[in-house]
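Here is what each chain is made of, one letter per residue.
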Amino acid sequence: MTDTSRLLRNLGARLGSGARGATARKQMPIVPSDNVAGRAMVLVIAIMTFLSCLTLGAVTLVRDTAATWQTQISREATIQIKPEDGLDMAEALATARDIASGFTGVSGANIVDAQATARLLEPWLGTGLDIESLPVPRLVIVTLDPASRPDFTAMRAALQEAVPSATLDDHRTWVDRLVAMARTTVTIGVTVLGLMLSATALTVIFATRGAMSGNGHIIEVLHFVGAEASFIASQFRRHFLLAGMKGAAAGGLGAIIVFIGFYWWSSRNMATPEADQATALFGNFAIGPSGYLGVGVVVVLIAALTAATSHFTVLSYLKKVDASHPDGI
Amino acid sequence: MIRFENVGHRYGMGPEILRDVSFSLPERSFQFLSGPSGAGKTTLLRLLFMSLKPTRGLITIFGKDRSKITRAELPLMRRNIGVVFQDFRLLDHLTTYENVALPLRVRGREEASYRADVIELLKWVGLGERMHVLPPILSGGEKQRAAIARALIEQPRILLADEPTGNVDPQLARRLLRLLIELNRLGTAVMIATHDLGLMDQVDARRMVLSAGRLEIYD
């Protein structure tokens, strides 16, 4: 039996009173959840999450597209043979093809024939072109085995020896540029994401401080009724975790709707010039499972960041209150 | 239980509000604290409640030197002290019931374990019909009773009440005083700060009178 029960039983007996009939009700949170500052914070967190998810989605899109380009380019190498006086082009092409085919890591080598070369030059030189009568460089496409890359230095030396006017382009320059571009894009995206998360954390800090100042009377009463700092912090943390989760979920949902909308638009407009242009740049606008997983991670991260930030802000606020009242609270 | 030895207190560089105050509050004691406005009654209550530290002198609370009680220990020490504030300090967004149950809630107790006790106490202080009402709707007297109920709910070792009957009619004042006397008989020491001579005349109890910062005790 509790002390209060004992007290009341005694009081009831001595003073002739007593009452029964408790009805369970949902208790209000100690920190009031619904106020303008709270709604504004949910909105800010939603916007921050939305922008963070869009950034993440864009980074995912560019990274995946760059990876596809890189894979496609690095599967091929090109031997270019420039025409020279006294050079038998057909023989030189055959020699180059044979040399390339002899290397480990090469799964095939094909000469781009005169007709295909003419088609390549058609945009510049027009139709009906007699390719044999012009000093046009000719190409051998070397298909590479993705599992084991050939020794390009040795291949280049062998080609140079057999066909002095041959040059080997292993597309390294393009691959390096693409890798650099993809890395730059990812770095920029991650930096933007970091700035977004920092801005979210700062917003939460300001909102928490504002809420703490606005609820100073609650903190004071909690102190008077014997609440420990950890209990007070947990009440505010729960309040801000809920606000963070609401905002983050709304922002993440908004971003997913935008991604699905873009995917739907690009599917609907397939084969149109606009869609072809966009597809050439960004692939098919699908961020894939890893992108959606990333959105989920951002949502959870922002909710957790909100809770952690508010927790530490509350503790620091309580310490500051203690410090500003050296005599007590 | 609580002992003051030559305690003095001043706010900042101002004059000394309390001077050489010495007394002891034994377990189960009952006393009134009176004196004119500005005599230092509220400061004395704040020292008792450990929301102030004395600028000089020694205070021993529950066997511990006040100057050695850390901030981390304060919440646990305060749980032995119930306080009724002159301005009630009820939380406006919580119902009367939730305000009264607050000390139990912050201790992490399940609501089911204290619901009946809280309701019974509320009914006894005459707030049975007002338990689900928010404080802004309550009258001054009802707020006072809710504040008293909140201070009593865990039967503290000592109850400090600052003008507990200041906002209630004489009949209810007598009823609340009987409640405090019953609480005292059950083992809680009580100190009531009041101007109400009529209230003091109803009980044969020790009177502590503050005047210009000095304390005189009439046993």
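Residues numbered from 1 in each chain as written. Chains lettered and ligands numbered in written order. Predicted model: local features only at pLDDT ≥ 70, side-chain atom pairs only at ≥ 80, totals over all residues.

Caption draft 1: Summary view of the sheet that holds strand β1 (residues 76-81) of chain A. All names here are of chain A. Across the sheet, which stays open at both edges, the four strands sit in the order β2-β3-β1-β4 with antiparallel pairing between neighbours. Only two strands of the sheet have a single neighbouring strand rather than two, namely β2 (106-111) and β4 (166-169). Geometrically, the sheet is characterised by an average inter-axis angle of 20 degrees between neighbouring strands, direction not taken into account. Strand direction decides the pairing type here: β2 and strand β3 (residues 138-144), joined by five bridges, are antiparallel. Bridging from a neighbouring strand, N110 pairs with I141 of β3. (Pairing = 2+ DSSP bridges. Helix = DSSP H or I, 4+ residues; strand = E, 2+ residues; numbered from the N terminus. Axes fitted to C-alpha atoms, helices over the stretch in contact; angles between N-to-C directions.)

Caption draft 2: Representation of the sheet that holds strand β3 (residues 30-34) of chain B within the structure. Residue and element names in this part refer to chain B. The strand order β6-β7-β8-β3-β9-β10 describes an open sheet built from six strands, whose pairing is mixed. Since the sheet does not close on itself, it has two edges, and those belong to β6 (81-84) and β10 (214-218), each with one partner. Averaged over all pairs of adjacent strands, the angle between their axes in this sheet comes to 15 degrees, without regard to strand direction. Alignment of strand β7 (residues 158-162) against strand β8 (residues 189-193), held across five bridges, turns out to be parallel.

Caption draft 3: Helix α4 (residues 111-124) of chain B, seen in detail. All names here are of chain B. Under the 1.5 Å per step criterion, the end-to-end length of α4 is 20 Å for 14 residues, consistent within 8% with the ideal 20 Å. Residues of α4 that are buried: Y114, D117, V118, I119, E120, L121, L122, K123 and W124. Positive phi shows up at G126, right after α4, with a value of about 85 degrees. (Expected span 1.5 Å × (residues − 1). Buried ≥ 20, exposed ≤ 12 C-beta atoms within 10 Å, placed from the backbone.)

Caption draft 4: Region of the structure containing helix α6 (residues 172-214) of chain A. Look at α6(A): 62 Å from first C-alpha to last across 43 residues, which is about the 63 Å you get at 1.5 Å a residue. Within α6(A), the full set of buried residues consists of M196(A), T200(A), V204(A), A207(A), T208(A), A211(A) and M212(A).

Caption draft 5: Representation of the pairing of β3(A) in the model. Residues and elements named next belong to chain A. With five of its seven residues buried, β3 lies for the most part within the structure. Where β1 meets β3, six bridges bridge the pair, whose relative direction is antiparallel. Bridge pairing in β3 links I79 to V140.

Caption draft 6: Representation of the nonpolar core in the model. Counting 112 residues, the largest nonpolar core has V100(B), V118(B), L121(B), L122(B), A149(B), L159(B) and L160(B) as its most contacted members. Ranked by residues supplied to this core, first place goes to helix α2 (residues 36-74) of chain A with 11 residues. For A149(B), the residues in contact, after removing those within four places along its chain, are V100(B), L121(B), L122(B), V125(B) and L127(B). Core analysis: the next-biggest nonpolar cluster, separate from the first, contains 19 residues, A109(A), V142(A), M155(A) and V163(A) among them. (Core = buried A, V, L, I, M, F, W, Y, C linked by C-beta atoms within 7 Å. Contact = placed C-beta atoms within 7 Å.)

Caption draft 7: View of the packing of helix α3 (residues 96-105) of chain B against helix α5 (residues 140-152) of chain B. Residue and element names in this part refer to chain B. Direction vectors running N to C along α3 and α5 enclose 30 degrees, while the axes themselves pass 7 Å from each other. Comparing the axis directions of α3 and α5 gives the class roughly parallel. Classified by chirality, the crossing of α5 by α3 is right-handed. The segment α3 lies against α5, with T96, N99, V100, L102 and P103 engaging A146, A149 and R150. Class assignment of the residues belonging to the contact of α3 with α5 gives a composition of five nonpolar, two polar and one charged. (Parallel < 35°, antiparallel > 145°, perpendicular 65-115°, else oblique. Left-handed = near helix turned anticlockwise from the far one by under 90°. Nonpolar A, V, L, I, M, F, W, Y, C, P; charged D, E, K, R; others polar.)

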